[in-house]
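An overview of the molecular structure
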Amino acid sequence: RMAAAIDELSNGRFILGLGAGWNAAEHAAFGFELPAPKERSDGLEEGAGLIRALFDRSPASFDGKIFQAKDAYLHPRPVQDHIPILVGGSGERRTLRLVARHADGCNLFGDPPAITHKVDVLRAHCEVEGRDPAAITVTQLSEAGVIDHGGDRYADVVGTVDEQIGRFRALADAGVERVFVALHEDGTTEQIERFAPVIAAFDP
């Protein structure tokens, strides 16, 4: 219902990101137990199926081992007929299979060779699930920043405009279609303006 409300507030621009969770310190800070990996993966898989059912039809029923729903209503309805679900994670056996079954996008981690391999695995899962891989958007969350030639670099995260363009071109060639950029420094207007030429290089 919160997702549907945000979709209304954004006039149909909402994307729901789901993941199994990983940050133990964050869970501890808020008093939540971090379950074992298998339990988290089970919950993510069933949760994505239930959420997809609620988004796509009303009433919706779902009979899982963890979650159950019987003739559940989601009102008010989202603006979008189909709210996109984006799943974060690169697990080849379960997470990417879940993406092929229920998701509209996946947020993959790693360098271009790793991304190329993960995309191949995702395509194989799509074939088994009878899903068109083109229906799933491949994304990556990337920290980035732009400096002048004389500045300090931080691994591949901070560099010149040309270096950042080359970095994101390599990701695009590996199969990444959309990048969520977290500015490495302070997120000021100056940072955004320095990064703008990188965005412009990929503007259709």
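Figured I'd write up the structure that's included with this text. Everything numeric in this text was worked out from a predicted model, so none of it was measured. Note on numbering: residues in each chain are counted from 1, in written sequence order. Predicted model: local features are reported for residues with pLDDT of at least 70 only, side-chain atom pairs are reported and counted for 80 or more only, and whole-chain, interface and lining totals are derived from all residues. Excluding hydrogens and water, the side-chain values take into account all heavy atoms of the structure.

Thoughts on the overall build of the chain
- By the criteria applied, helices consist of DSSP H or I runs no shorter than four residues and strands consist of E runs no shorter than two, each listed in order from the N terminus. From N to C terminus, the chain includes seven helices and eight strands.
- Taken over the C-alpha atoms alone, the chain extends approximately 60 × 40 × 35 Å along its principal axes.
- Partly exposed residues are those whose accessible area sits between 20% and 50% of the maximum for their type, while under 20% is buried and over 50% is exposed, using a 1.4 Å probe and protein chains only. The burial tally for the chain puts 36% of its 204 residues in the buried class.
- Note on definitions: a residue-residue contact is assigned when non-hydrogen atoms from the two residues lie within 4.5 Å. Contacts spanning at least 24 positions in sequence make up 57% of the contacts within the chain whose residues lie at least 6 apart.
- Entry remark: accessible area of the chain is about 12,200 Å², with carbon and sulfur atoms responsible for 55%.
- Positive and negative side-chain charges of the chain, numbering 21 and 32 respectively, have mean locations separated by a distance of 8 Å. In these tables, accessible area is a Shrake-Rupley quantity obtained with a 1.4 Å probe, and a residue counts as shielded only by the protein chains included in the view. Asp and Glu count as negative and Lys and Arg as positive, but His and the ends of the chain are not part of the count. Each charge is placed at NZ for Lys, CZ for Arg, CG for Asp and CD for Glu.

Some points on the pattern of salt bridges
- Note on definitions: salt bridges are taken to be side-chain nitrogens of Lys or Arg within 4 Å of carboxyl oxygens of Asp or Glu. One pass over the structure, following the stated rule, counts eleven salt bridges.
- One salt bridge in this structure joins Arg97 and Glu45, with 3.6 Å as the shortest N-O distance. You can see Arg97 sitting in helix α4 (residues 95–102) and its partner Glu45 sitting in helix α3 (residues 37–56), a full 52 residues away along the chain.
- On the accessibility criterion, Glu45 (15% relative accessible area) is buried.
- With a closest N to O distance of 3.7 Å, Asp120 and Arg123 form a salt bridge. Linking Asp120 with Arg123, this pair stays in helix α5 (residues 112–129), spanning three residues, or about one helical turn.
- One salt-bridge network, in which partners are shared between bridges, spans Lys38, Asp42, Glu45, Arg94, Arg97, Arg101 and Glu129.

Some thoughts on the packing of α5 against helix α6 (residues 161–174)
- Throughout, an axis means a line fitted to C-alpha atoms (over the contacting stretch in the case of helices), and angles, computed between N-to-C directions, take values from 0 to 180 degrees. Following both chains from N to C, one finds α5 and α6 inclined at 20°, their axes separated by 8 Å at the closest point. By the angle class used here, α5 and α6 are roughly parallel. Between α5 and α6 lies a crossing of right-handed hand. Two secondary-structure elements touch here, α5 through Pro112, Ile115, Thr116 and Val119 and α6 through Ala170, Leu171 and Ala174. Reported orientations rely on four angle classes, namely roughly parallel under 35 degrees, roughly antiparallel over 145, roughly perpendicular from 65 to 115, and oblique for the rest. A crossing counts as left-handed when the near helix is turned anticlockwise from the far one by less than a right angle, and as right-handed when that turn is clockwise.

As for the packing of α4 against α5
- Running from N to C, α4 and α5 cross one another at 50°; their axes reach a closest spacing of 8 Å. Between α4 and α5, the angle is such that the two are oblique. In the crossing of α4 with α5, the sense of the turn from one axis to the other is right-handed. Here α4 contributes Leu96, Arg97, Val99, Ala100 and Arg101 to the contact with α5, which in turn contributes Lys118, Val121, Leu122, His125, Cys126 and Glu129.
- Looking at side-chain class alone, the contact of α4 with α5 contains six nonpolar, one polar and four charged residues. Think of it as three bins: nonpolar holds Ala, Val, Leu, Ile, Met, Phe, Trp, Tyr, Cys and Pro, charged holds Asp, Glu, Lys and Arg, and polar takes everything else, Gly as well.

Some remarks on the environment of Gly145
- Considering the arrangement of structural elements, one finds Gly145 in strand β6 (residues 137–146).
- By relative accessible area, which is 0% here, Gly145 ends up buried.

Here we look at α4
- Here α4 has its buried residues at Thr95, Leu96, Leu98, Val99 and Ala100.
- In this fold, the buried residues of α4 make contact with α3, β4 (85–88), β5 (105–107) and α5.

Structural notes on the pairing of strand β3 (residues 68–72)
- Between any two strands, at least two bridges found by DSSP are needed for them to pair. Bridge count between strand β2 (residues 60–63) and β3: three bridges; the pairing is antiparallel. Bridge assignment links Asp63 to a residue of β3, and that residue is Gln68.
- Adjacent in sequence and paired antiparallel, β2 and β3 are bridged by four residues.

Some words on helix α7 (residues 189–201)
- To estimate the expected span of a helix, count its residues, drop one, and scale the result by 1.5 Å. In this model α7 runs 19 Å from its N-terminal to its C-terminal C-alpha over 13 residues, within 8% of the 18 Å that 1.5 Å per residue would give.
- Each residue is assigned a bend, namely the angle between axes fitted to the seven residues that terminate at it and the seven residues that start at it. Maximum bend of α7: about 35°, positioned at Phe195, with proline Pro197 one to four residues after it.
- In this fold, the buried residues of α7 make contact with β6, α6 and β8 (178–183).

Purely geometric numbers; function is a separate question.
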